[in-house]
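Each chain, written out:
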Amino acid sequence: MLLTPSELEALRGRLIVSAQAYPGEPMRTPTTMAQVAASAVIGGAAAVRVQGIVDVQFTRSAVEVPVIGLWKDGHDGVFITPTASHALAVANAGAHIVALDGTRRERPDGLDLKQTIAMVHEQSHALVMADCGSLADALNAVEAGADLIGTTLAGYTGERPKTEGPDLDLLATLAASDLGVPLIAEGRIHTPAQARAALDAGAFAVVVGTAITHPASITGWFDAAMQA
Ligand SMILES: CC(=O)N[C@H](C=O)[C@@H](O)[C@H](O)[C@H](O)COP(=O)(O)O
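Keep in mind the model is a prediction, meaning the values are calculated, not measured.

Draft legend 1. Layout of the packing of helix H2 (residues 30-43) against helix H3 (residues 53-62). It is at 8 Å that the axes of H2 and H3 come closest, and there the two elements cross at 40°. In terms of orientation, H2 lies oblique with respect to H3. For the element pair H2 and H3, the recorded crossing hand is right-handed. Contacts between H2 and H3 involve Pro30, Thr31, Met33, Ala34, Gln35, Ala37 and Ala38 from the first element and Val54, Asp55, Phe58, Thr59 and Ala62 from the second. Along the lines of polarity and charge, the residues of the contact of H2 with H3 split into eight nonpolar, three polar and one charged.

Draft legend 2. The site of the ligand, seen in detail. In the vicinity of the ligand lie 16 residues, with Ser18, Tyr156, Arg188, Gly209 and Thr210 positioned nearest. Within the residue set of the shell around the ligand, elements represented by two or more residues are strand S8 (205-208) and helix H9 (210-213).

Draft legend 3. How the structure looks around the nonpolar core. Counting 72 residues, the largest nonpolar core has Ile16, Ala37, Val48, Val98, Ile149 and Val206 as its most contacted members. No other element matches the five residues that H2 contributes to this core. In this structure Val206 touches Leu15, Ile16, Ala185, Ile189, Ala195, Ala198 and Leu199, once residues within four positions along its chain are discounted.

Scoring rules and cut-offs
- Residues numbered from 1 in each chain as written.
- Predicted model: local features only at pLDDT ≥ 70, side-chain atom pairs only at ≥ 80, totals over all residues.
- Axes fitted to C-alpha atoms, helices over the stretch in contact; angles between N-to-C directions.
- Helix = DSSP H or I, 4+ residues; strand = E, 2+ residues; numbered from the N terminus.
- Parallel < 35°, antiparallel > 145°, perpendicular 65-115°, else oblique.
- Left-handed = near helix turned anticlockwise from the far one by under 90°.
- Contact = placed C-beta atoms within 7 Å.
- Nonpolar A, V, L, I, M, F, W, Y, C, P; charged D, E, K, R; others polar.
- Near = placed C-beta within 6 Å.
- Core = buried A, V, L, I, M, F, W, Y, C linked by C-beta atoms within 7 Å.
- Buried ≥ 20, exposed ≤ 12 C-beta atoms within 10 Å, placed from the backbone.

Here it is in structure tokens:
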């Protein structure tokens, strides 16, 4: 789905909420995730991010803001929209932005990132958000044609430490590198202050998932604090 440059620009400085439930969890149904996404929009989310083809379709119908779609297949290595066919399926489901693994790792279909992004651009109107784990990933992804760079995989690929909160050092480094495309802070942003700090470090927009949309985790944080 086409997102105009001004619609993309409208996300500057804004909150994007990721609504995802994991396999086996009670909330893992597309209707529920679309309702959670729509609730986040009422609270001020300027865009939403959802996982799974049907979740993208249902969420497109439930909100008027841009939808970032992804398809997780597996849970190790390259699993966030791992192949070109996953990416095209997400685009065809109606995502304005397809989020995909933007690392330099080998992809299961043998295509490289540049070929994968080119296929999305040639065969759909969707933009591509490259979920990166390091500066080297981000530079490579920009070169490969990514429209947005996310820090989604920082701390999950071995190239960066898994920081307690967001990887603000990586964000600052990326911001100083003048990527030329929007830099999206994503990953372990658990408080409003951390979201603010991510913007201050140079992010264009901030994605928050778990801390807003994953009740099991949030409940566990409270429970752990009370048992300490
Ligand atoms: C590494 C990985 O698989 N990240 C996923 C990507 O879509 C999601 O599981 C995260 O919830 C999302 O990135 C938002 O991050 P956080 O939930 O930390 O706010």
